[in-house]
Amino acid sequence: MNELSWVSELKGVGEKTEKIFAKLGIHTVGDLIRYYPRTYDVYESPVPVAEAEEGKIVTVTGSIFGNIQLTGTRNMQITTLTLKDITGNLKVIWFRMPFLKNMLRGGGIITLRGKVSNRRGLLTMEQPEIFYPSAKYEEKLDTLQPVYTLTAGITNTAIIKAVKQAVEYLDLKQEFLPSSLRLKYHLSEYNYAIRGIHFPEDKEQYYYARERLVFEEFLVFILSLRQIKGTDERNRNQFGFPKQAETEAFIKKLPYELTKAQRKVWEEIKSDMTGEYVMSRLVQGDVGSGKTVIALLGLILAGMNGYQGAMMAPTEVLAKQHYESITEMLEDYKIPLKTEILTGSMTAKEKRLAYEKIESGEADIIIGTHALIQDKAKYKNLALVVTDEQHRFGVKQREELAEKGNMPHILVMSATPIPRTLAIILYGDLDISVIDELPANRLPIKNCVVDTGYRQTAYEFIRKQTIQGRQCYVICPMVEESETLEAENVTDYAKMLKEELGESITVEYLHGKMKQVQKDEIMERFSRNEIQVLVSTTVIEVGINVPNATVMMVENAERFGLSQLHQLRGRVGRGKHQSYCIFMSGSKTKETKQRLEILNKSNDGFFIASEDLKLRGPGDLFGIRQSGILDFKLGDVFQDAKLLQSASEAADELLAADPDLKFPEHKNLKEHLQSYIKSGMLQTTL
Ligand code: ADP
Ligand code: MG
């Protein structure tokens, strides 16, 4: 048995479990050992009773004070006791465990580990794990128990059992990192790391295991990226843009003044487009900073000089939105350019008509989704390619669109604050412009961080806003364990909210398990104000512009990375109405409060991301993922920026010495890369 064996060869994995594993993407033993824990349960030292805090999982040691009581009904028997130490008393309850009454003795010393909650004003530990006698806890002290992402039909214990066999009794794959590289970057050995990530003996082992695996993940990613990317020699600019007056006239006609930052970036783009070499530029600008109009200026410059320009958006809704607003602006400002849309959901006939206009050059500005890069789309003379919200596209797709023309200029727009190190790795061939200023006429969004006791008031507020004609987003609590649960959760929440808000308000929902057409339909109805309240998971995060939406309410805000919350907040405050953000926090701890308060203090996505990281510190290893930019299994581009940097250096060194990885000591690495690229992991990550 080895990494390529089927999981069904493991003891205890029958046909049923095999199917469930398949749902989690686990087919082979190799998949299983790469199914890293989502987090860990850490068995910390006991704390004094007086320090047990609501909402936290703690361990306490004390004596059983007074009697052990058994109450409740036959179906729901409740065992209660009071635990006492020199600092205070704590109430403890268990459900459906009546046998405890005979097992535990008043006066005995016991250690309990569980979540502390507030029951009718009394701090209470519910259903704790029992260590009796107390000394039993010592075996567990400081250990980390893996917690895996589950799906219906499988328990954490079952996964642990399977992984244990896989890592303990099998010959794992051979190390594939060259030993010189491991020495230089102080990386632990592969088999040690795999064992350490699942079953660390202590935090130190976890730390070394994780470091190695994150480094490896980054390195393999970067090396594969280089392989598919090929050369990055600069190409000569073959387009001339003598007619420039129209863009200036267009800027004058805008109902607003461009911000200084927008002007600066536009100048950079113009000088690229008229320069000696082909433009490759990334424009980073926070949500609402006005990137679209800058891209449009580029498209107009191309169009007025007799070329075509294309703009690719990651979703149909976004493409339609861009198409409609751009078409309208061109008409209003009497710019004689023809727009065309091309998306996957168009009928065959509609598509054919669009292809014709694109090929004949009748269409000057073409806006669409991935459909823009399909073979059937042939351009007459494409001079500029814009991709919006770049992080949703792979490098490959960007290149494919570029290949459509005769080396057109490339403009990439992103609202995600990508760390500079990463931008260079990913877009090493791109110049970077930053729009670091929001339009001045914006009413600042009013934020509040509240606890769940405020929920009714929030609903009331939402009702009032919709009565005034506004629209609202509600982001549901996340269910990390599984996507199916998450979908159910969103549906239930929407149903509840419908009842709460009454018939006259249309409430709909969105979640990741819905089909793309369904999602698009809901988003379109929302943008036409046929839906007033949209309950959703974070799928609405990207680029949507509904200026009439004024409320963003986020449940369980404490579970999100601040960057993500900031992106969500960017969905409101886009129009002339005052907008509001309600961050509902399920946790009352000081740290949570402090974190969420950062959002109050700043509107700068870059600042927010770095503050969050600072506050949590590098020690917060099981913390919330910050970015969601790139889907690494373990690595986080913010948190692990240093490792990313070293992995990138290591990749440079490797390729400089051995460009095709032909040296014998690179044989294993090369094989690993090939199977990585074949598996499609690179695409998923991007
Ligand atoms: P993003 O950078 O998030 O893509 P958009 O381009 O969608 O932002 O712009 C958001 C809104 O701001 C749009 O309604 C746009 O018309 C408006 N806008 C853009 N630039 C300015 C400006 N300089 N002053 C006022 N409003 C602006
Ligand atoms: Mg945008």
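Criteria and thresholds
- Residues numbered from 1 in each chain as written.
- Chains lettered and ligands numbered in written order.
- Predicted model: local features only at pLDDT ≥ 70, side-chain atom pairs only at ≥ 80, totals over all residues.
- Heavy atoms only, no water.
- Helix = DSSP H or I, 4+ residues; strand = E, 2+ residues; numbered from the N terminus.
- Contact = heavy atoms within 4.5 Å.
- Areas by Shrake-Rupley, 256 points an atom, 1.4 Å probe, with all protein chains shown as cover.
- Pairing = 2+ DSSP bridges.
- Axes fitted to C-alpha atoms, helices over the stretch in contact; angles between N-to-C directions.
- Core = buried A, V, L, I, M, F, W, Y, C linked by side-chain atoms within 4.5 Å.
- Buried < 20%, exposed > 50% of the residue type's maximum accessible area, 1.4 Å probe, protein only.
- Near = heavy atom within 4 Å.
- Polar contact = N/O pair within 3.5 Å; in protein donor to acceptor, adjacent residues only side chain to side chain.
- Phe/Tyr/Trp six-rings, centres within 6.5 Å; stacked < 30°, edge-to-face > 60°.
- Parallel < 35°, antiparallel > 145°, perpendicular 65-115°, else oblique.
- Left-handed = near helix turned anticlockwise from the far one by under 90°.
- Nonpolar A, V, L, I, M, F, W, Y, C, P; charged D, E, K, R; others polar.
- Patch = residues over 30% accessible without salt bridge, like charges linked within 9 Å, V, L, I, M, F, W, Y side chains within 5 Å.
- Salt bridge = Lys/Arg side-chain N within 4 Å of Asp/Glu carboxyl O.
- Lys, Arg positive; Asp, Glu negative; His and termini not counted.
- Charge placed at Lys NZ, Arg CZ, Asp CG, Glu CD.
- pLDDT = per-residue confidence, 0-100.

## A closer look at the overall build of the protein chain
- Looking only at helices and strands, one finds 24 helices and 20 strands in the protein chain.
- Contacts in the protein chain between residues far apart in sequence, at least 24 positions, make up 72% of those at least 6 positions apart.
- Entry remark: accessible area of the protein chain is about 32,100 Å², with carbon and sulfur atoms responsible for 51%.

## Observations concerning the sheet that holds strand β19 (residues 549–554)
- Here six strands make up an open sheet; going across it, the order is β15-β20-β19-β16-β18-β17 and the pairing parallel. In this open sheet, the two strands that pair with only one neighbour each are β15 (446–451) and β17 (507–510). When the angles between neighbouring strand axes are averaged without regard to direction, this sheet yields 20 degrees.
- Of the pairings in the sheet, the one linking strand β16 (residues 471–475) to strand β18 (residues 533–536) comprises four bridges and is parallel in character. Of the residues in β18, the one forming a bridge with I475 is S536.
- Against the sheet, helix α16 (residues 455–467) engages β15, β16, β18, β19 and β20 (580–585), with an angle of about 165 degrees to β19.
- Across the sheet, helix α20 (residues 590–601) is in contact with β15 and β20; its angle to β15 comes to roughly 165 degrees.

## Regarding the nonpolar core
- F21, L32, I159, L181, I197, F215 and L219 are the most contacted members of the largest nonpolar core, which has 62 residues in total.
- Examining the composition of this core, we find that 12 residues originate from one element, helix α8 (residues 203–229), more than from any other.
- Other than its neighbours up to four places away in sequence, L32 contacts V7, L10, F21, I26, A162, V163, A166 and H198.
- L258, A261, L330 and I367 belong to the second largest nonpolar core, which has 39 residues in total.

## What about the environment of I445?
- For I445, the location among the structural elements is in the loop between β14 (431–435) and β15.
- A relative accessible area of 15% means that I445 is categorised as buried.
- Separated by 135 residues in the primary sequence, I445 and Y580 have C-alpha atoms spaced 5.4 Å apart.
- Not counting chain neighbours up to four residues away, the residues in contact with I445 comprise R569, V572, G573, Q578, S579, Y580 and C581.

## Comments concerning the site of ligand 1
- Lining the immediate surroundings of ligand 1 are 17 residues, of which E257, G288, K291, T292 and R442 lie closest.
- G288 is positioned such that a nitrogen or oxygen atom in its backbone is 2.6 Å from an oxygen atom of ligand 1.
- Within the complex, 84% of the 580 Å² of free accessible area of ligand 1 lies under protein.

## Quick word on the packing of aromatic side chains
- As enumerated under the stated definition, the model contains 15 aromatic pairs in all.
- When the ring of Y35 is compared with that of Y148, the centres are 6.3 Å apart and the planes differ by 15 degrees; the resulting orientation is stacked. Of this pair, Y35 sits in the loop between α2 (29–33) and β1 (39–42) while Y148 sits in the loop between β7 (144–147) and α5 (156–169); the two residues are 113 residues apart in sequence, bridging distant segments of the chain.
- Y148 sits in the buried class, given a relative accessible area of 1%.
- Between Y43 and F131, the aromatic rings sit 6.4 Å apart at their centres with planes inclined by 90 degrees, giving edge-to-face as the arrangement. Taken together, the residues span a long stretch of sequence, with Y43 in the loop between β1 and β2 (57–72) and F131 in strand β6 (residues 122–131) at a distance of 88 residues.
- Note on Y43: relative accessible area 4%, which makes it buried.
- For F131, a relative accessible area of 6% corresponds to the buried category.

## With respect to the packing of helix α9 (residues 245–253) against helix α10 (residues 260–273)
- Close contact between α9 and α10 brings their axes to 13 Å; oriented N to C, the two are set at 165 degrees. Here α10 runs roughly antiparallel to α9, going by the angle between their axes. Regarding α9 and α10, the two cross each other, and that crossing is right-handed. On α10, the residues that touch T247, E248 and I251 of α9 are R263, W266 and K270.
- A breakdown of the residues in the contact of α9 with α10 according to their chemical character gives two nonpolar, one polar and three charged.

## Here we look at a negative patch on the surface
- On the surface, a cluster of negative charge is made up of E44, D142, E201, D202 and E204.
- With respect to the element layout, E201 can be found in the loop between α7 (190–198) and α8.

## Some words on the confidence of the model for the protein chain
- Predicted confidence across the protein chain gives a mean pLDDT of 86, with 89% of residues reaching 70 or more.
- With pLDDT under 50 throughout, residues 618–627 is counted as low confidence; its partners more than four residues away or in other chains account for 34 contacts.

## Some remarks on the environment of V554
- Among the structural elements, V554 can be located in strand β19.
- Taking C-alpha positions, V554 is 9.7 Å from V449, a pair spaced 105 residues apart along the chain.
- V554 has contacts with I475, F560, L565, L568, I582, F583 and M584, leaving out every residue within four places of it along the chain.

## Description of the sheet that holds strand β4 (residues 88–95)
- In spatial order, the strands read β2-β3-β4-β6-β5; together these five strands close into a barrel with mixed pairing. Taken pair by pair, the neighbouring strands of this sheet meet at an average axis angle of 50 degrees, ignoring direction.

## A few points about the pattern of salt bridges
- For the structure shown, the criterion picks out 26 salt bridges.
- E267 serves as the salt-bridge partner of K270, at 3.7 Å between the closest nitrogen and oxygen. With K270 and E267 both in helix α10, this residue pair falls three residues apart, about one helical turn.
- A residue is classified by how much of its surface remains accessible, and E267, at 37% relative accessible area, is partly exposed.

## Regarding the pairing of β6
- Sheet analysis places β4 next to β6, joined by three bridges and oriented parallel. Along β6, the bridge assignment pairs I93 with E126.
- Where strand β5 (residues 109–119) and β6 come together, eight bridges link them in antiparallel fashion. Among the inter-strand pairings, V116 is bridged to a residue of β6, identified as M125.

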